[in-house]
Amino acid sequence: MNRPPTMLDVARAAGVSRSTVSRVFQNQGERVSPDALIKVHEAAKRLGYVHNLVASGLAQRHGRQLGLLIRDATNPAYGHLHSEVNQAVEAAGRTLISVTAFRHDYGTAEVDGLRRLLGQRVAGVFVGTGVTAAEDLVETLTAVPMMIVGRPNTHPLIESVSYDERTHGRLVAERLAAAGHRRIAALTAPLLYSRVFDLRMRSLVERCRELGVHVEPVDLLPVEAGVTRALDAAAADRLSAIVCPVDYVALDLLRAACARGTRVPEDVSVVGFDGVADGLDLIGLATVRLPVREVARRAVGRMEELLIRAQEDPEGPPAALTETSESERTARHALVVGDVIEGTSLGPVPEHLR
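Attention here is on the structure that accompanies the text. Keep in mind the model is a prediction, meaning the values are calculated, not measured.

## Describing the overall build of the protein chain
For step 1, the next point in the chain: Across its full length, the protein chain carries 14 helices and 12 strands.
For step 2, the next point in the chain: When each of the 354 residues of the protein chain is scored for burial, the buried share is 54%.
For step 3, the next point in the chain: Relative to all contacts within the protein chain whose residues are 6 or more apart in sequence, the contacts with residues 24 or more apart total 72%.
For step 4, the next point in the chain: Accessible surface computed for the protein chain: about 16200 Å², of which carbon and sulfur atoms make up 50%.

## Considerations on helix 8 (residues 165-178)
For step 1, the next point in the chain: With 14 residues, helix 8 should cover 20 Å at 1.5 Å per step; its first-to-last C-alpha distance of 20 Å lies within 8% of that length.
For step 2, the next point in the chain: Of all the residues in helix 8, the buried ones are Glu165, His168, Gly169, Leu171, Val172, Ala173, Leu176 and Ala177.

## Examining the packing of helix 8 against helix 9 (residues 195-211)
For step 1, the next point in the chain: One way to put it is that helix 8 packs onto helix 9 with a least axis distance of 7 Å and a crossing angle of 40°. With respect to helix 9, the axis of helix 8 lies oblique. In this structure, helix 8 crosses over helix 9, and the sense of that crossing is right-handed. Across the interface between the two elements, Glu165, Arg166, Gly169, Arg170, Val172, Ala173, Glu174, Leu176 and Ala177 of helix 8 pack against Val196, Leu199, Arg200, Ser203, Leu204, Glu206, Arg207, Cys208, Glu210 and Leu211 of helix 9.

## Notes on unusual backbone geometry
For step 1, the next point in the chain: Here Leu221 and Pro222 are connected by a cis peptide whose omega angle stands at -15°.
For step 2, the next point in the chain: The topology assignment puts Pro222 in the loop between strand 7 (214-219) and helix 10 (223-236).
For step 3, the next point in the chain: With an omega of 10°, the peptide bond between Val264 and Pro265 qualifies as cis.
For step 4, the next point in the chain: Along the chain, the position of Pro265 falls in the loop between helix 11 (247-260) and strand 9 (269-271).
For step 5, the next point in the chain: Of note in the backbone geometry, Arg238 takes a positive phi value of approximately 60° without being a glycine.
For step 6, the next point in the chain: Turning to its location among the elements, Arg238 is positioned in the loop between helix 10 and strand 8 (241-243).

## Topic: the packing of helix 10 against helix 11
Packed helix pairs are characterised by how far apart their axes lie and by the angle those axes make with each other.
For step 1, the next point in the chain: Orientation of helix 10 relative to helix 11, taken along the N-to-C sense of each, is 60°, at an axis distance of 10 Å. By the angle class used here, helix 10 and helix 11 are oblique. In terms of crossing hand, the pair formed by helix 10 and helix 11 is right-handed. Here Val223, Val227, Thr228, Ala230, Leu231 and Asp232 of helix 10 lie close against helix 11, whose contacting residues are Val249, Asp252, Leu253, Ala256, Ala257 and Arg260.

How each quantity is defined
- Within each chain, residues carry numbers counting from 1 in the order of the written sequence.
- Note on the predicted model: pLDDT of at least 70 is required for a residue's local features to be given, and 80 or more for side-chain atom pairs to be given and counted; whole-chain, interface and lining totals, by contrast, use all residues.
- Only hydrogens and water are set aside when side-chain values are computed; all heavy atoms of the structure are taken into account.
- Elements are defined by DSSP. Helices are runs of H or I of four residues or more, strands are runs of E of two residues or more, and each kind is numbered from the N terminus.
- Summary of the burial criterion: residues with accessible area below 20% of their type's maximum are buried, those above 50% are exposed, and those between are partly exposed, where the area comes from a 1.4 Å probe applied to protein chains only.
- Any pair of residues with heavy atoms lying within 4.5 Å of one another is described as a contacting pair.
- The accessible surface values rely on the Shrake-Rupley method and a 1.4 Å probe; as for residues, cover is taken only from the protein chains in view.
- Any helix carries an expected span of 1.5 Å times its number of residues minus one.
- The convention used is that axes are lines fitted to C-alpha atoms, helices contributing only their stretch in contact, and that angles between N-to-C directions extend from 0 to 180 degrees.
- Should an angle lie under 35 degrees it is considered roughly parallel, over 145 roughly antiparallel, and from 65 to 115 roughly perpendicular; all remaining angles are considered oblique.
- Each helix crossing is assigned a hand: it is left-handed if the near helix lies turned anticlockwise from the far helix by less than a right angle, otherwise right-handed if that turn is clockwise.

Next comes the structure, spelled out in structure tokens:
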């Protein structure tokens, strides 16, 4: 089956009428025989059918809830995303249910969490994670609208409103080159650790290559050792700047630099990504501030459009599963560019390295 299962598919598989299936999923089980009730639930589970409450008689009671899966609540970027999505959802007159996965799970807990959200009969679900591949998310698609929020995405079957991380990586490279840096270190991590980190740093390296800036890759993991390796490489290989894929790593690097007497930016410049944690302006960290509020606002607005479409055609496929033109696919994968923060941790090339 190349489309999500419908109520009619469940009825055929269970050997009952569609109206019987409808009564089962509208909690009118007292009007259905015990045998039919079991058959319907078994058929639904076998087919992977999840009833769309937006279009059902229960919409008034349950259909105002939306779900959000986020990667790691301890990461300020995810915490800020949760807050902004919640505010946008409340402004739309709905409520938000959220599930948080484990920071270093590499995707398994995320898929399980997504299924838990769908099991709570949310009307639509947002996925904010930098790990689970879109191909794995597609396996969970149902009649419930799903959107990726925050992480860049190009999969044709899932809509998204995302930070333009490719552009962010290029912007950092251009700032470094403009400051005169020609030899830098970049902390990198495996794709499974974070698809966002990977995209940021690959984009940075590509743009640095175009600008004639040499990039020395340094393994980020484990973070404490990666920070040490980056500072050692900067000292030994005459590198004038270190780029971190996220601000919390940049903060660890600043602490380690202070502990060993390395001055920032007099001895080496430091740049991060995210720009959402409190106090970065006091620290003076050069970074890229993610457009979290704008992404959340646009994602919730688009979800409202998808829910209206689901109400109008309850048994039709989600919009993300329909054939689209190239222009429509581009519109379904919106990208929002953030702001470069000109912190004092990015300075000119040290005199002894010129």
